[in-house]
Amino acid sequence: MAKEIQRLFNHQEDYWRAFQTYKRNIRGVQRELNVKQVIETVLTNIQVVEFKVLSVGTGDGTVDEPLIDFLADKFRKVVYIAVDPVEDELQKFVAITANKKTQQQWKNVQFEFHTETIDSYIGRVNGGVNTFHLIHAVQCAYYFTDPIEVLLQLYQILTKDGILVNVLISSSDKIGELYLMMEKYCSHQNHWYLTSDYLERNVALRLPQVVQTTIIQPGVCNITECFDEESHEGNDLLDFMTQVHCFRKNVSKEISENVLSFLKNGIARNSSGDCLISWDSKYLIMHK
């Protein structure tokens, strides 16, 4: 291998550009939290005046916006705590909230923004100072110091009847299979290639009494540009799929050829000739 394989997430500007590329190319899947499915589960047993939410790995707030719309209509008061280590992205969420309040929306929502990792936040709240009715972490458990331990700590700060929703890819689709392949090439790296299935199994081992349910959201991604070496869009998407910074430059020729061959063999083509690959999201819901 010519160069050390570097994690995409450690290069924040490139990571967020690659993530936006992924969002532009994903098809047939609701990228936001599945509000109806998640909230119906919560409202079964929770009747409170003040509903408390912890959003982990919030980013720019676009995932959270429809959820907040729903909660603001359902509860007299909502306390919404957003935690993300990337200041620039979190400030975009701050701007969304300011704009909503200017439009006389979200008037009953109290926000807190914390620019830090979830590990740091959990350490500060000391395992019980704050309790939440809903905690959600969307496509971010890869970046926890110890994903299983963090999930268990988050579970402990749920209130009775609260739920913890974690969203990652499913190991049963093509991107899940790609993750298994990449694990072999990056076996010395921890937690780059997590799936919801892995978390589900290991939570059950650590806390077998926890009730877990899962929801699959099928999706496909247009990866046509990935097969054009000169395409910036394709290279960003390839980086995001493999979680490797500058994949084409930083992996060996053998790895690059194996990955691209795998992708070619896994695609389907639509009527326009686009190359599509399955990229499902799996919701892992832990009930308190």
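None of the values given here were measured: they were computed from a predicted structure. (Residues numbered from 1 in each chain as written. Predicted model: local features only at pLDDT ≥ 70, side-chain atom pairs only at ≥ 80, totals over all residues. Heavy atoms only, no water.)

### Points about the sheet that holds strand 8 (residues 220–222)
What holds strands together in a sheet is hydrogen bonding between their backbones, with the strands either parallel or antiparallel. Convention followed: Should DSSP find at least two bridges between two strands, the strands are taken to pair. The helix count covers DSSP runs of H or I at least four residues long, the strand count covers runs of E at least two residues long, and both are numbered beginning at the N terminus.
Read from one edge to the other, the open sheet built from four strands follows the order 1-8-10-9, with strand pairing classed as antiparallel. The open sheet has two edge strands with one neighbour each: strand 1 (26–27) and strand 9 (268–269). Pairing geometry for strand 1 and strand 8, over two bridges, is antiparallel. Bridged to isoleucine 26 within strand 8 is cysteine 221.

### Quick notes on the environment of leucine 54
Selection rule: Residue contacts are defined here by distance: any two heavy atoms, one from each residue, within 4.5 Å place the two residues in contact.
Relative to the helices and strands, leucine 54 is located in strand 2 (residues 50–56). Spatially, the C-alpha atoms of leucine 54 and leucine 164 are 9.4 Å apart, while their sequence positions differ by 110 residues. Setting aside chain neighbours within four positions, we find leucine 54 in contact with Ile81, Val83, Ile118, Tyr121, Phe132, Leu134, Ile135, His136, Leu154 and Ile157.

### With respect to a negative patch on the surface
Heads up, the condition is: A residue counts toward a patch only above 30% relative accessible area and without a salt bridge, and it is joined to like-charged neighbours within 9 Å or, for Val, Leu, Ile, Met, Phe, Trp and Tyr, to nonpolar neighbours within 5 Å. For the accessible areas, the method is Shrake-Rupley and the probe is 1.4 Å, while residue cover comes only from the protein chains on display. Any Lys or Arg side-chain nitrogen located within 4 Å of an Asp or Glu carboxyl oxygen qualifies as a salt bridge. In this tally, Asp and Glu contribute negative charge and Lys and Arg positive charge; neither His nor the terminal groups of the chain are included. Positions of charges follow a simple convention, taking NZ of Lys, CZ of Arg, CG of Asp or CD of Glu. Accessible area is worked out with a 1.4 Å probe on protein chains only. A residue is then buried under 20% of its type maximum, exposed over 50%, and partly exposed in between.
The grouping of Glu225, Asp228, Glu229 and Glu230 at the surface amounts to a negative patch. Looking at the element boundaries, glutamate 225 is found in the loop between strand 8 and helix 9 (232–242). Take glutamate 225: its relative accessible area is 37%, and that puts it in the partly exposed class.

### With respect to the environment of glutamate 50
Among the secondary structure elements, glutamate 50 is positioned in strand 2. The partly exposed category is assigned to glutamate 50, whose relative accessible area is 36%. Along the sequence, glutamate 50 and asparagine 108 sit 58 residues apart, while their C-alpha atoms lie 9.7 Å from each other. Leave out the neighbours within four places in its chain, and glutamate 50 touches Lys77, Val79 and His133.

### Some thoughts on helix 3 (residues 65–74)
This is how it is decided: Directions are taken from the helix axis to each C-beta atom, and the arc is the one they span.
The set of residues buried in helix 3 consists of Leu67, Ile68, Leu71 and Ala72. On an axial view of helix 3, the arc spanned by its buried residues comes to 130 degrees, and they lie on one face. Counted as exposed and oriented over 90 degrees from the buried face of helix 3: Asp73 and Lys74.

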